[in-house]
Amino acid sequence: MIYLVEDDPSIRKLVSYALESSGYTVAASESGEEMWKKLETVKPELFLLDIMLPGQSGLDILTAI
């Protein structure tokens, strides 16, 4: 499972599609808040974080992880 956190819908869709086409399972979120909710149920093997996110930046999320 890969968690993708990207606020731009077109980039999120493109990266999700590319990863899924390569056989990976992706849980895409538009914000850290949405990602933290998903994290309560499924633990990912990899995080892909946008640096400039609304609210909590990718670096803030990485520090919290």
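The model shown is predicted, which means the values in this text are computed figures rather than measured ones. (Residues numbered from 1 in each chain as written. Predicted model: local features only at pLDDT ≥ 70, side-chain atom pairs only at ≥ 80, totals over all residues. Heavy atoms only, no water.)

Peer 1: Help me understand the nonpolar core, please; the structure alone is not making it clear to me.
Peer 2: General note: in soluble globular proteins, nonpolar side chains tend to be found buried as a group. Tyr-3, Val-5, Ala-27, Met-35, Leu-39, Leu-53 and Ile-61 form the largest nonpolar core, which has 7 residues in total. If you list the elements that add at least two residues to this core, you get β1 (2-5) and α2 (32-39). Excluding residues that lie within four positions of it along the chain, Leu-53 makes contacts with Val-5, Glu-6, Asp-7, Glu-30, Gly-58 and Ile-61. (Core = buried A, V, L, I, M, F, W, Y, C linked by side-chain atoms within 4.5 Å. Buried < 20%, exposed > 50% of the residue type's maximum accessible area, 1.4 Å probe, protein only. Helix = DSSP H or I, 4+ residues; strand = E, 2+ residues; numbered from the N terminus. Contact = heavy atoms within 4.5 Å.)

Peer 1: Would you mind going over the pattern of salt bridges with me for this structure?
Peer 2: Pairs may arise between side chains of opposite charge once their charged atoms sit close together. Across all of its chains, the model carries 2 salt bridges by this definition. A salt bridge links Glu-33 to Lys-37, with the shortest nitrogen-to-oxygen separation between them at 3.7 Å. With Glu-33 and Lys-37 both in helix α2 and 4 residues apart, the pair spans about one turn of that helix. Each member of the pair, Glu-33 as well as Lys-37, carries the same accessibility label: exposed. Here Lys-38 makes a salt bridge to Glu-34, at a shortest N to O gap of 3.6 Å. Of this pair, Lys-38 and Glu-34 both sit in helix α2, 4 residues apart, which is roughly one turn of that helix. (Salt bridge = Lys/Arg side-chain N within 4 Å of Asp/Glu carboxyl O.)

Peer 1: Is there a simple way to explain the packing of aromatic side chains in this structure?
Peer 2: The description of an aromatic ring pair uses the distance of the two centres, along with the angle that the planes make with each other. In total, this model carries 1 aromatic pair according to the counting rule given. Taken together, a centroid distance of 5.8 Å and an interplanar angle of 90 degrees make the contact between Tyr-3 and Phe-47 edge-to-face. Here the residue Tyr-3 occupies a position in strand β1, and Phe-47 occupies one in strand β3 (residues 46-49), the gap between them amounting to 44 residues. Tyr-3 gets classed as buried once you look at its relative accessible area, which sits at 2%. (Phe/Tyr/Trp six-rings, centres within 6.5 Å; stacked < 30°, edge-to-face > 60°.)

Peer 1: How do you make sense of the sheet that holds β3 when you look at a structure like this?
Peer 2: The strands that make up a sheet pair up through hydrogen bonds in the backbone, lying either parallel or antiparallel. Strand order in the open sheet formed by 3 strands is β2-β1-β3, with parallel pairing between adjacent strands. Each edge of the open sheet is held by one strand with a lone partner, namely β2 (26-29) and β3. For this sheet, the mean inter-axis angle between neighbouring strands, taken without regard to orientation, is 15 degrees. In this sheet, β3 lies alongside β1 in parallel orientation, the contact comprising 4 bridges. Bridge pairing in β3 links Leu-4 to Leu-48. Across the sheet, helix α1 (residues 9-21) touches β1, β2 and β3, and the angle it forms with β2 is around 175 degrees. α2 contacts β1, β2 and β3 of the sheet and is inclined by roughly 145 degrees relative to β2. (Pairing = 2+ DSSP bridges. Axes fitted to C-alpha atoms, helices over the stretch in contact; angles between N-to-C directions.)

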